[in-house]
Each structure stands twice: as C-alpha cells, then as structure tokens.
Amino acid sequence: MAKIGIFFGEGYEEVEALAVVDVLRRGGQEVCMISITGQKQVTGSHNITVQMDALLSEVEFDGLDMIMLPGGMPGTKNLEACTFLMEQVDRFYDQGKWIAAICAAPSIFGHRGILKGRNACCYPGMESHLEGAKAGTGPVEVSDHVITSRGMGTAIELGLTILEQFEGEEKADRLAEAIVYKRL
C-alpha cells in the first residue's frame with residue numbers, strides 16, 4: 001500500500017482532486033488530502049468546500065510515496081506559490097520518488113525543469129508551460145517517476161494509472177471494471 005499526499009490550494013479543480021482520491025482509496029491506497037492554506041477546509045474553483053485530512057505543517061514528507069497536484073485556477077498558481085511544497089516536489093523528483101499532476105498543474109513541473117526530455121500532457125492550450133517536454137494528447141503520460149494528465153475528464157484514468165504503478169495493471173483493471181469504467 002502506497003501513501004499518497006494530494007495537495008489542495010484555494011481554487012483547486014474539485015473533480016480532478018477528488019476523483020483521484022476516491023479511485024486510490026477504493027484501490028486500497030492510503031491517501032492524505034493536505035491543505036496548503038493553513039485551514040482544514042479548502043474551497044475549490046467551483047465553490048465546493050472540502051474537509052482536509054491534514055495541514056501542510058503536519059505532513060511527514062519522508063513517509064509519503066507520492067506527491068500529487070490537482071489543477072484548477074487559481075489552485076495551480078496557489079500550489080506553485082507555496083515555497084515549502086515546491087521544495088518537496090523538487091526533493092521527490094531528485095530522489096526518484098513519484099510525483100503527479102493534472103490539468104494546469106503539470107505546468108508547475110515544466111517551470112521547475114522537471115519535464116525536460118520527458119513525455120508529458122496538460123490541459124489543452126497550456127503546452128507551452130511544459131518546458132522541454134514532448135507534449136502529448138493522451139489522457140495520461142508516465143515518464144519514469146513523473147505522471148501527468150490532461151484534465152477533469154481524465155481524472156479517473158489518472159487515479160487508475162497511479163494505482164497501477166503501485167499495485168499493478170491487473171488490480172487497476174479490476175477496479176476499473178468494478179466502477180464501470182473503460183480504461184482509455
């Protein structure tokens with residue numbers, strides 16, 4: 001079982017974040033929803049407020065197997081402005097630990113030089129922010145220990161792809177079938 005931290009800033013895209021949380025928890029992974037705001041409740045870009053599991057100041061990053069960043073605006077900008085979180089993203093990348101982002105959030109990886117020479121994807125129209133990457137149009141791109149996805153419509157596939165990295169394709173496919181989802 002992996003321990004995955006999903007980070008929430010004000011204005012996150014609700015479906016991108018919560019669909020991934022749901023899929024991973026159904027798949028038996030330990031998922032911690034983490035607020036970067038200093039408050040336990042964080043409001044998304046469509047005015048949906050969600051109770052978090054922890055505050056950023058409470059997280060033991062060495063105990064996490066993955067950092068996942070949902071998109072949305074201004075959620076992506078708020079995540080990128082969080083210096084401590086960005087230091088942890090860089091550390092995870094440098095250590096070969098898993099990092100993932102969806103929609104606008106892969107732009108953060110591009111800005112940090114993480115995508116140079118990698119296949120990556122993001123929300124249509126934001127490809128210029130994937131600095132140094134070969135931008136694709138598939139729903140999810142896995143490049144070594146970096147996973148990117150395109151948007152709300154690919155959130156379930158992203159969750160299943162993350163599950164597959166930790167538990168194998170067979171388990172991810174069984175979960176897809178159980179939730180009546182045809183893998184892309």
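As the structure is a computational prediction, the values presented were derived from the model and not from experiment. (Residues numbered from 1 in each chain as written. Predicted model: local features only at pLDDT ≥ 70, side-chain atom pairs only at ≥ 80, totals over all residues. Heavy atoms only, no water.)

A.B. asks: I would appreciate a short explanation of the sheet that holds strand 5 (residues 54-55) in the present structure.
C.D. replies: Pairing between sheet strands relies on hydrogen bonds along the backbone, with the strands arranged either parallel or antiparallel. With respect to topology, seven strands assemble into an open sheet ordered 5-2-1-6-7-11-10, the strand pairing being mixed. Among the strands making up the open sheet, the edge pair consists of strand 5 and strand 10 (140-143). As paired strands, strand 1 (residues 3-8) and strand 2 (residues 30-35) are joined by six bridges and run parallel to one another. Bridge pairing in strand 2 links G5 to C32. Helix 3 (residues 83-94) rests against strand 1, strand 6 (66-69), strand 7 (98-102) and strand 11 (146-149) of the sheet, and its axis sits at about 130° to strand 6. (Pairing = 2+ DSSP bridges. Helix = DSSP H or I, 4+ residues; strand = E, 2+ residues; numbered from the N terminus. Contact = heavy atoms within 4.5 Å. Axes fitted to C-alpha atoms, helices over the stretch in contact; angles between N-to-C directions.)

A.B. asks: Sorry, what's going on with the state of the cysteines here?
C.D. replies: Working definition of a disulfide: a covalent bond connecting the sulfur atoms of two cysteines. For the structure on display, the rule yields zero disulfides. As a non-bridged cysteine, C32 has C82 as the owner of its nearest cysteine sulfur, 14 Å distant. Among the residues examined, C32 registers a relative accessible area of 16% and is labelled buried. (Disulfide = S-S within 2.5 Å. Buried < 20%, exposed > 50% of the residue type's maximum accessible area, 1.4 Å probe, protein only.)

A.B. asks: What's the story with the packing of helix 5 (residues 155-167) against helix 6 (residues 169-178) in this structure? I'm lost.
C.D. replies: Running from N to C, helix 5 and helix 6 cross one another at 145°; their axes reach a closest spacing of 7 Å. Crossing of helix 5 over helix 6 shows right-handed handedness. Here helix 5 contributes L160, L163, E164 and E167 to the contact with helix 6, which in turn contributes E169, K171, A172, L175 and A176. Partitioning the contact of helix 5 with helix 6 into residue classes produces five nonpolar, no polar and four charged. (Left-handed = near helix turned anticlockwise from the far one by under 90°. Nonpolar A, V, L, I, M, F, W, Y, C, P; charged D, E, K, R; others polar.)

A.B. asks: Would you mind showing me how to read the nonpolar core here?
C.D. replies: Soluble globular proteins tend to bury their nonpolar side chains together. Counting 33 residues, the largest nonpolar core has M68 and I162 as its most contacted members. Contributing elements (two or more residues each) for this core: strand 1, helix 1 (14-26), strand 2, strand 6, strand 7, helix 5 and helix 6. Looking at this core element by element, the count peaks at six residues for helix 1. In contact with I162, other than residues within four places in its own chain, are I4, V20, L24, M66, M68, A100 and I147. In terms of nonpolar packing, the next biggest core, distinct from the first, is built from 30 residues, L85, M86, F109 and C122 among them. (Core = buried A, V, L, I, M, F, W, Y, C linked by side-chain atoms within 4.5 Å.)

A.B. asks: What should I look at first to understand the pairing of strand 6 in this one?
C.D. replies: Taken residue by residue, a regular strand's side chains alternate between the two faces of the sheet. Side-chain alternation along strand 6 places M66 and M68 on one buried face and I67 and L69 on a second face that is also buried. Inspection of the sheet shows strand 1 paired to strand 6 by three bridges, in the parallel sense. Each residue of the ladder has a partner; that of I4, found in strand 6, is M66. Examined bridge by bridge, strand 6 and strand 7 share four bridges and lie parallel to one another. Its bridge partner being in strand 7, I67 is matched across the sheet by I99.

A.B. asks: Honestly, the packing of aromatic side chains in this entry has me stumped. Any pointers?
C.D. replies: Each pair of aromatic rings is reported with the distance of its centres and the angle of its planes. Enumeration over the complete set of coordinates arrives at five aromatic pairs. Seen in terms of ring centroids, F8 and Y12 are 4.8 Å apart; in terms of plane orientation they differ by 80°. Their pairing is edge-to-face. Relative to F166, the ring of W98 has its centre 6.1 Å away and its plane inclined at 65°; by these criteria the two rings are edge-to-face. A residue pair is termed long-range when its members are at least 10 positions apart, and W98 in strand 7 and F166 in helix 5 qualify at 68 residues. What makes W98 buried here is its relative accessible area of 18%. A relative accessible area of 25% places F166 in the partly exposed class. Ring pairing ties together the aromatic residues F7, F61, F84 and F92, which thus form one cluster. Over the aromatic face of F92 sits the side chain of K97, whose NZ or CZ is 4.1 Å from the ring centroid. (Phe/Tyr/Trp six-rings, centres within 6.5 Å; stacked < 30°, edge-to-face > 60°. Lys NZ or Arg CZ within 6 Å of the ring centre and 35° of its normal.)

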